[in-house]
Amino acid sequence: MLKSGKPFRLRRLSLAGDDRHLLVPLDHTVSDGPIVPAGQWDDLLRALVAGGADGVIVHKGRARAFAPEILGSCALVVHLSASTARAADVDAKVLVGDVEEALRLGADAVSVHVNIGSHTEARQLADLGAVARSCDTWGMPLIAMVYPRGPRIENPRDPDLLAHLVNVAADLGADMVKTSVALPLDRMAEVVANSPIPVLAAGGPPDGSDLVEYGTAVMASGCRGLAIGRRIFSDPAPASLVARLSAVVHGGSAGGGSGDGGRGPAARPDGMTDDMAQYSTIVAGVA
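Procedures and definitions
Starting afresh in each chain, residues are numbered from 1 along the sequence in its written order. Only residues with pLDDT of at least 70 are given local features in this predicted model, and only at 80 or more are side-chain atom pairs given and counted; all residues enter the totals for whole chains, interfaces and linings. Side-chain measures were taken over the full set of non-hydrogen atoms in the model, leaving aside hydrogen atoms and water. The numbering of helices and of strands both runs from the N terminus, where a helix is a DSSP run of H or I of at least 4 residues and a strand a run of E of at least 2. For each residue, the accessible area found with a 1.4 Å probe, counting protein chains only, is set against the maximum for its type, and the residue is called buried under 20%, exposed over 50%, and partly exposed in between. Whether two residues touch is decided by their heavy atoms; if any such pair falls within 4.5 Å, the residues are in contact. Computed by Shrake-Rupley with a 1.4 Å probe, the accessible areas treat only the displayed protein chains as cover when residues are assessed. In this scheme, a helix's expected span is set at 1.5 Å multiplied by one less than its residue total. Working definition: the arc comes from the directions between the helix axis and the C-beta atoms, pointing outward to the latter. Strand pairing follows a simple DSSP-based rule, namely that at least 2 bridges must link the two strands. Convention used here: a crossover is right-handed provided that the path from the first strand, over the helix, to the second strand proceeds clockwise when the strands point away from the viewer. By salt bridge we mean one thing: a side-chain nitrogen of Lys or Arg within 4 Å of a carboxyl oxygen of Asp or Glu.

Peer 1: Run through the overall build of the protein chain, naming residues and quoting values.
Peer 2: Within the protein chain one finds 12 helices and 10 strands. Each of the 287 residues in the protein chain was classed as buried or not, and the buried ones make up 53%. Contacts spanning at least 24 positions in sequence make up 68% of the contacts within the protein chain whose residues lie at least 6 apart. As displayed, the protein chain has an accessible area near 12,100 Å², and 52% of this comes from carbon and sulfur atoms.

Peer 1: Residues and numbers for helix α6 (residues 121–138), please.
Peer 2: Within an α-helix, residues lying three or four positions from one another point in the same direction, as the helix has 3.6 residues per turn. Taking 1.5 Å of rise per residue, 18 residues should cover 26 Å, and α6 covers 26 Å from first to last C-alpha, within 8% of that figure. Of the residues making up α6, those classed as buried are Gln124, Asp127, Leu128, Val131, Ala132, Ser134 and Cys135. Looking straight down α6, one finds its buried side chains confined to an arc of 165 degrees; they lie on one side. Opposite the buried face of α6, at more than 90 degrees from it, the exposed residues are Ala122, Arg133, Asp136 and Thr137. Glycine 139 sits one or two residues past α6 and shows a positive phi near 70 degrees.

Peer 1: Talk me through the environment of alanine 243; I want residue IDs and the actual numbers.
Peer 2: With respect to the element layout, alanine 243 can be found in helix α11 (residues 238–250). Look at alanine 243 and you get partly exposed, because its relative accessible area is 36%.

Peer 1: Requested: an account of the pairing of strand β8 (residues 176–179), with residues and values cited.
Peer 2: Burial along β8 is two-sided: Met176 and Lys178 and Val177 and Thr179, pointing in opposite directions, are all buried. Summarising the sheet, strand β7 (residues 142–148) and β8 pair through three bridges and their orientation is parallel. Directly across from isoleucine 143, in β8, lies its bridge partner methionine 176. Note on the crossover from β7 through helix α7 (residues 159–171) to β8: the handedness is right-handed. As defined by bridge partners, β8 adjoins strand β9 (residues 199–202) across three bridges and the pair is classed as parallel. The residue bridging valine 177 from the neighbouring strand is valine 199, located in β9.

Peer 1: Give me the lowdown on unusual backbone geometry, citing residues and values where you can.
Peer 2: Residue leucine 183 is joined to proline 184 through a cis peptide bond whose omega torsion reads 0 degrees. You can see proline 184 is positioned in the loop between β8 and α8 (188–193). Of note in the backbone geometry, aspartate 19 takes a positive phi value of approximately 60 degrees without being a glycine. Secondary-structure assignment places aspartate 19 in the loop between α1 (6–12) and β1 (21–25).

Peer 1: Report on the pattern of salt bridges, specifying residues and quantitative values.
Peer 2: According to the stated counting rule, one finds nine salt bridges in the structure shown. Lysine 6 is the salt-bridge partner of aspartate 175, the closest N and O atoms lying 3.2 Å from each other. Taken together, the residues span a long stretch of sequence, with aspartate 175 in the loop between α7 and β8 and lysine 6 in helix α1 at a distance of 169 residues. Comparing aspartate 175 with lysine 6, the two get one shared label, buried. With its nearest N and O atoms 3.7 Å apart, the salt bridge here joins arginine 46 to aspartate 43. Note that arginine 46 and aspartate 43 are positioned in helix α3 (residues 41–51) at a spacing of three residues, about one turn of the helix. Accessibility expressed as a relative area gives 48% for aspartate 43, which makes it partly exposed. One salt-bridge network, in which partners are shared between bridges, spans Lys6, Asp136 and Asp175.

Here it is as structure tokens:
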């Protein structure tokens, strides 16, 4: 029987081989427009690779535009969903690629975006399920980017809501789920504990505070990685920032997430780690 290639591809998503991940989404070019001038894309990718990013997330056309040797051992994730900031409904994501295309491009994984609470939630869920089926056929890892966005969402940082979302991703066939971070941050541990698949924390701190401090606190909550785009590619020294974040993700100080036997940082009497408590203080009152 032919063995599925999924375990091998999943292994390539973690440079350190510790099943932890620092991914840099660069798919903003479809949703918002250029992130750097066209002539600077190779330099940006080289900086991310030099800093130690485990993988980059791009759309299929962008993946064709750079030489494969630029990525080296950095994984390629092809994003299959799209919408633009100028759409009548910015939360309505549609599929613009498929698993077979990603395979031909040499992708190590694909990602699909779903906005729970949006007007088009049903269509997006159906798309996620269809892509998961194709991923199983081809042995391709699937990262579900599942967010609480739309008119039916009152508090997008609600831990109970986020716990629901990560289970939606797992039940529909994703191998990892990228989602928002709960507030207060100490309750992100509940989201992780309720997830049968690894949780990646999306984006930077909601108040724009220190990114490395935020990453440390998020990993202490049990997340298995970070997926940060804008705060990295807009930084004047992205290689240095990625290196510091990579040390946070792979440095061995983070708490154990789903399926992780790590002991993690010592908890305080109130159940929080010092990192979590410090960051919760920073973002207190931020919705």
